[in-house]
Amino acid sequence: MSSPLRISLAKANAVTAAQLADLGRRTFQDAFAAANTAADMEAYLGKTFGPDIQLAELQGRENTFLLAHMQSELVGYAKLRDNSALGLPEGQDPAGRLEIERLYVRDDWQGTGLGAALMRGILALAEQLHCSAVVLGVWEKNERARAFYQRFGFREIGQHNFQLGQDVQIDLILRKGMAGR
């Protein structure tokens, strides 16, 4: 029997862009609104999530989106960026590094294995692309996400600032080397 969960590559079109804008805004708000001011949240959400913004991201050659659908409903997604310099010293070649810029799962799907299924899809894609490493930034106060990434073998290699409205926060930079690379 096959699972009703389907993970697929996104197509760059207005319908997908609108779905990503809605889900991105919703999941970010659910995860971080309680720990941030309404003004900072609204500033970040306004500049990050909108159908036009997501369409431009979908059309970016360096970006890949994995969509998680349950039946026909979008319940999670991952935004990936090729050749990421995140965590590299200045001037070092970022070729072969895949960055997870977003890995978002709807609140009502957290704890169901959906995030793990998306991560397995990301790591399989990284293998297909012969990536040397997968990297990401995670808010230092997001203990649940940090534990999730550690379960998949990500290790801290540094930190950088993350601007949320007027608030400068610290993201930890995590890296997972890919086997044989």
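Residues numbered from 1 in each chain as written. Predicted model: local features only at pLDDT ≥ 70, side-chain atom pairs only at ≥ 80, totals over all residues. Heavy atoms only, no water.

A. How the structure looks around the nonpolar core. In this structure, Ile100, Leu103, Met119, Ile122, Tyr149 and Phe154 are the most contacted members of the largest nonpolar core, which totals 30 residues. Mapped by element, the contributors of at least two residues to this core are strand E2 (63-70), strand E3 (73-82), strand E4 (97-105), helix H4 (114-128), strand E5 (133-139), helix H5 (143-151) and strand E7 (167-177). Looking at which element gives the most residues to this core, the answer is H4, with eight residues. Not counting chain neighbours up to four residues away, the residues in contact with Tyr149 comprise Leu103, Met119, Leu136, Val138, Phe154 and Leu174. Membership of the second largest hydrophobic core comes to 17 residues, among which are Leu67, Tyr77, Tyr104 and Trp139. (Core = buried A, V, L, I, M, F, W, Y, C linked by side-chain atoms within 4.5 Å. Buried < 20%, exposed > 50% of the residue type's maximum accessible area, 1.4 Å probe, protein only. Helix = DSSP H or I, 4+ residues; strand = E, 2+ residues; numbered from the N terminus. Contact = heavy atoms within 4.5 Å.)

B. Main features of the pattern of salt bridges. On inspection of all chains with the given rule, the structure shows nine salt bridges. We note a salt bridge from Glu57 to Lys79, for which the minimum N-O separation is 3.3 Å. Here the residue Glu57 occupies a position in helix H3 (residues 51-59), and Lys79 occupies one in strand E3, the gap between them amounting to 22 residues. Note that Arg81 is salt-bridged to Glu62, the shortest N-O span being 3.3 Å. Separated by 19 residues along the polypeptide, Arg81 in strand E3 and Glu62 in the loop between H3 and E2 bring together distant segments of the chain. On the basis of relative accessibility, which here comes to 32%, the residue Glu62 falls in the partly exposed class. Three or more residues joined by partner-sharing salt bridges are found here, namely Glu57, Glu62, Lys79, Arg81, Glu101 and Arg102. (Salt bridge = Lys/Arg side-chain N within 4 Å of Asp/Glu carboxyl O.)

C. Inspection of the sheet that holds E2 at higher detail. Taking strand neighbours across the sheet as the criterion, the seven strands line up as E1-E2-E3-E4-E5-E7-E6 in an open arrangement whose pairing is mixed. Of all the strands in the sheet, the pair left with one neighbour each is strand E1 (5-9) and strand E6 (155-164). This sheet shows a mean twist of 25 degrees between the axes of neighbouring strands, independent of strand direction. On the sheet, H4 packs against E1, E2, E3, E4, E5 and E7 and is oriented at approximately 160 degrees with respect to E4. Lying over the sheet, H5 contacts E4, E5, E6 and E7, oriented at roughly 165 degrees with respect to E5. (Pairing = 2+ DSSP bridges. Axes fitted to C-alpha atoms, helices over the stretch in contact; angles between N-to-C directions.)

D. Here's a closer look at the packing of helix H1 (residues 14-32) against H3. Packing of H1 against H3 brings their axes to within 8 Å, and their N-to-C directions diverge by 115 degrees. Here H1 runs over H3; the crossing is right-handed. When H1 is examined against H3, the residues Ala14, Thr16, Ala17, Ala18, Leu20 and Ala21 are found in contact with a partner set consisting of Pro51, Gln54, Leu55 and Leu58. Here the contact of H1 with H3 is built from residues that sort into eight nonpolar, two polar and no charged. (Left-handed = near helix turned anticlockwise from the far one by under 90°. Nonpolar A, V, L, I, M, F, W, Y, C, P; charged D, E, K, R; others polar.)

E. The arrangement of the pairing of E7 in detail. Of the pairings in the sheet, the one linking E5 to E7 comprises seven bridges and is antiparallel in character. Looking at the pairing, Val138 lines up with Leu172 of E7. Two strands pair when backbone bridges link them, and E6 and E7 are joined in this way by nine bridges, in the antiparallel orientation. From the neighbouring strand, His160 faces E7, where its bridge partner is Asp171. Hairpin connection between E6 and E7: a loop of two residues separates the two successive antiparallel strands, and Gly165 in this loop has a positive phi of roughly 65 degrees.

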